[in-house]
Amino acid sequence: MKYHNTIIAVGLALACCTALSAPAAVQEAPAAAPAPVKGIPLAKPAELMKLTKVQPGLYAMRCAGMDKNAANSYGPYDASAPAAKEVCAVPRFGCSSVVNGDFVGRNMDFFNTPAPYFIVWTDGGKDHYASLGMAQPPLDPKNVVREITQAKDDIALYNTPEKTARLTTMAVDGVNEKGLCCTTHVVDPTDCNNTNKGTNPGAPELSMFMVCRYVLDHAATADEAIELLKKRSIRVMDPEVMFHWVITDRNHTYIVEVVDDQLRYTDKKKVMTNYLLTGKGINAHPWGLERMRILEEHYNEGTSVEGMYNLMRRVQYTQMYKPDTNPVWYSEYMGPALDGTDLTIHTPFYDPKLQALIKHKMEAFKVMTPENNPLLLWDTTYGNVYDMANKTMRLMMHEKYDTFYDAKL
């Protein structure tokens with residue numbers, strides 16, 4: 001699918017990175033929404049390795065943690081996977097992360113899908129730390145794209161020993177008992193230029209999918225996390241899905257990436273959207289630039305759980321299939337206007353041609369549903385805030401900002 005077909009007015013994105021020298025955007029930032037009004041406490045499940053339904057599309061579970069030296073704890077690398085393609089077939093995912101003092105804010109943005117997410121408590125042990133975080137559905141390494149897009153909200157599909165064991169490794173963000181936090185984001189694989197070598201050939205292999213779990217289980221600080229990753233060979237499990245990470249504690253923050261089969265990291269940024277920050281040629285993609293600008297502009301709001309929660313609301317994706325939703329989040333649009341004129345990231349938001357296209361698309365969205373146009377309908381699947389000092393997480397699902405869940409380690 002062409003980029004502009006998936007970016008259409010909904011502004012795709014996932015993942016993380018920071019803008020080094022982004023073009024100035026002129027769109028005004030959405031006003032911060034009022035504070036959430038209803039909090040629901042979530043308790044750690046009593047039973048190990050058993051899923052509990054919290055709400056449609058959200059489950060909770062508890063696991064025992066993973067042995068640092070256990071064979072294949074983090075899954076084998078699929079050496080038969082082809083090299084990264086010239087054009088990525090995966091629609092651009094989107095995420096934003098912000099670190100400010102004790103607080104980490106994170107939005108998981110995705111096209112509308114029934115795929116559920118999981119709150120996972122990991123018990124501590126002799127060789128690993130306790131943690132609390134979010135996980136994806138278990139994925140087949142050879143069919144990642146199909147697994148993501150065809151996943152269903154059905155507890156029976158995941159509540160088996162094999163699936164729950166796999167699920168525990170699929171952490172996408174979390175905080176551990178030492179106050180270390182990690183968030184995972186997708187980045188354009190064509191920018192990474194990775195082959196099948198891995199970051200440290202000959203060292204124990206670690207799939208990109210398992211980096212977050214590995215760090216939460218075994219690192220007490222961000223510096224220690226970097227040293228642990230240097231001793232592993234981080235490899236690609238699917239060439240169409242590349243990740244990079246925010247790894248932070250209360251004192252130090254790193255953006256960590258795998259570029260040209262090398263582990264790279266920088267401590268110069270505390271805001272990430274979804275393009276690479278390291279490497280020879282940093283490609284500041286249109287998706288991510290606008291969210292980056294808004295998050296950096298309002299960065300100082302994120303000095304409490306409530307402040308960070310509302311900061312992340314500034315860059316949520318509106319549920320486009322609800323035409324009465326306000327404001328509509330037209331982020332990072334690029335493509336042709338109605339008359340064929342090319343619109344780019346430099347196009348002012350209030351340009352008449354862009355406004356005409358937005359009006360046209362809104363009429364089309366009135367008859368769209370998640371079923372008939374799943375790849376054009378984006379929302380913030382979940383947003384959460386971690387308090388590293390108190391090891392807590394505040395979580396909202398699918399932009400229902402008047403209700404949130406509070407969980408603690």
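This write-up is about the structure you can find in this document. Each chain has its residues counted from 1, running along the sequence as written. In view of the model being predicted, local features appear only for residues whose pLDDT reaches at least 70, and side-chain atom pairs are presented and counted only at 80 or more, with totals across whole chains, interfaces and linings using the full set of residues. In computing side-chain properties, one takes all heavy atoms of the structure into account and sets aside hydrogens as well as water.

**Looking at the environment of Gln55**
- Mapped onto the elements, Gln55 comes out in strand β2 (residues 52–55).
- The contact definition used throughout considers only heavy atoms, calling two residues in contact when any of these lie within 4.5 Å. Apart from the residues lying within four places of it in its own chain, the contact partners of Gln55 are Met397 and Tyr405.
- At 2.7 Å, the side chain of Gln55 forms a polar contact with the side chain of Tyr405. A helix here means a DSSP run of H or I that spans at least four residues, while a strand means a run of E at least two residues long, and both kinds are numbered starting from the N terminus. The term polar contact refers here to a pair of N or O atoms within 3.5 Å; inside protein, the definition further demands a hydrogen-donor-capable atom paired with an acceptor-capable atom, and it admits residues adjacent in sequence only when both atoms are side-chain atoms.

**Observations regarding the side chain of Thr168**
- The topology assignment puts Thr168 in the loop between α4 (161–167) and β8 (171–176).
- Those residues within four positions of Thr168 in sequence are excluded, and the remaining contacts are Met49, Met61, Cys63 and Arg213.

**Structural notes on the packing of aromatic side chains**
- Between 30 and 60 degrees the pair is tilted, below 30 it is stacked and above 60 it is edge-to-face, where a pair is any two Phe, Tyr or Trp rings, Trp via its six-membered ring, whose centres lie within 6.5 Å. The final tally for this structure, using the stated rule, is 6 aromatic pairs.
- By the ring-pair criterion, three or more aromatic residues cluster together here, those being Tyr59, Phe118 and Tyr158.
- Here, over-ring charges are defined by two tests on the NZ atom of lysine or the CZ atom of arginine: distance to the ring centre within 6 Å, and angle to the ring normal within 35 degrees. Over the ring of Tyr309 we find Arg394; its NZ or CZ atom is 6.0 Å from the centre of that ring.

**Some thoughts on the pattern of salt bridges**
- Salt bridge, as used here, is a side-chain nitrogen of Lys or Arg placed within 4 Å of a carboxyl oxygen of Asp or Glu. The final tally for this structure, using the stated rule, is 16 salt bridges.
- Here Asp260 and Arg264 are joined by a salt bridge, their closest N and O atoms 3.8 Å apart.
- A salt bridge links Glu301 to Arg314; its shortest N-O distance comes to 2.8 Å. Here Arg314 lies in the loop between α9 (305–313) and β16 (335–336) and Glu301 lies in the loop between α8 (286–297) and α9, a separation of 13 residues in the sequence.
- Residue classification places Arg314 among the buried positions, given a relative accessible area of 9%.
- Sharing partners across several salt bridges, the network here consists of Lys44, Arg62 and Asp123. Residue exposure (1.4 Å probe, protein chains only): buried if accessible area is under 20% of the type maximum, exposed if over 50%, otherwise partly exposed.

**Some details on the environment of Lys38**
- In this structure, Lys38 sits in strand β1 (residues 38–42).
- Accessibility expressed as a relative area gives 48% for Lys38, which makes it partly exposed.
- Placed 365 residues apart in sequence, Lys38 and Thr403 show a C-alpha to C-alpha distance of 4.8 Å.
- In contact with Lys38, not counting residues within four places along its chain, are Asp402, Thr403 and Phe404.

**Overview of the sheet that holds β2**
- The rule for pairing is simple: two strands pair if DSSP sees at least two bridges between them. Strand order in the open sheet formed by 9 strands is β2-β3-β6-β7-β8-β9-β12-β13-β14, and the pairing between neighbours is mixed. At either margin of the open sheet sits one strand with a lone partner, and together these are β2 and β14 (262–266). Across the sheet, the mean angle from the axis of one strand to that of its neighbour is 25°, orientation sign disregarded.
- In terms of strand pairing, β2 meets strand β3 (residues 58–63) through 3 bridges, oriented antiparallel. Directly across from Thr52, in β3, lies its bridge partner Ala60.
- Each of β6 (117–122), β7 (131–135), β8, β9 (181–187) and β12 (242–248) touches helix α6 (residues 211–218); the most contacted strand, β8, lies at about 10° to it. Here an angle of 0 to 180 degrees is reported between the N-to-C directions of two axes, which are lines fitted to C-alpha atoms, with helices fitted over the stretch in contact.

**A word on the nonpolar core**
- One finds Met208, Val215, Leu229, Trp245, Ile247 and Val256 to be the most contacted residues of the largest nonpolar core, which totals 36 residues.
- For this core, the secondary structure elements donating two or more residues are β9, α6, α7 (222–230), β12 and β13 (253–259).
- Beyond its immediate chain neighbours, meaning those up to four positions away, Val215 contacts Asn176, Leu180, Cys182, Ala225, Leu229 and Ile247.
- In plain words, nonpolar cores are sets of buried Ala, Val, Leu, Ile, Met, Phe, Trp, Tyr and Cys residues tied together by side-chain atoms within 4.5 Å. Grouped together as the second largest cluster of nonpolar side chains are 27 residues, Leu42, Leu58, Leu132 and Val246 included.

**Notes on the pairing of β13**
- Most of β13 sits inside the fold, with 7 of its 7 residues counted as buried.
- Judged by which residues are buried, β13 turns out to be covered on both faces: Thr253, Ile255, Glu257 and Val259 on one side and Tyr254, Val256 and Val258 on the other are all buried.
- The sheet contact formed by β12 and β13 spans 4 bridges and is antiparallel. In the sheet register, Val246 faces β13, and the bridge partner there is Ile255.
- Where β12 hands over to β13, the hairpin turn is made up of 4 residues, counted between the paired strands.
- Both β13 and β14 contribute to a ladder of 5 bridges, which runs antiparallel. Following the sheet pairing, Val259 is matched in β14 by Gln262.
- Turn length for the β13-β14 hairpin, with the two strands adjacent in sequence and antiparallel, is 2 residues, and the turn residue Asp260 shows positive phi of about 55°.

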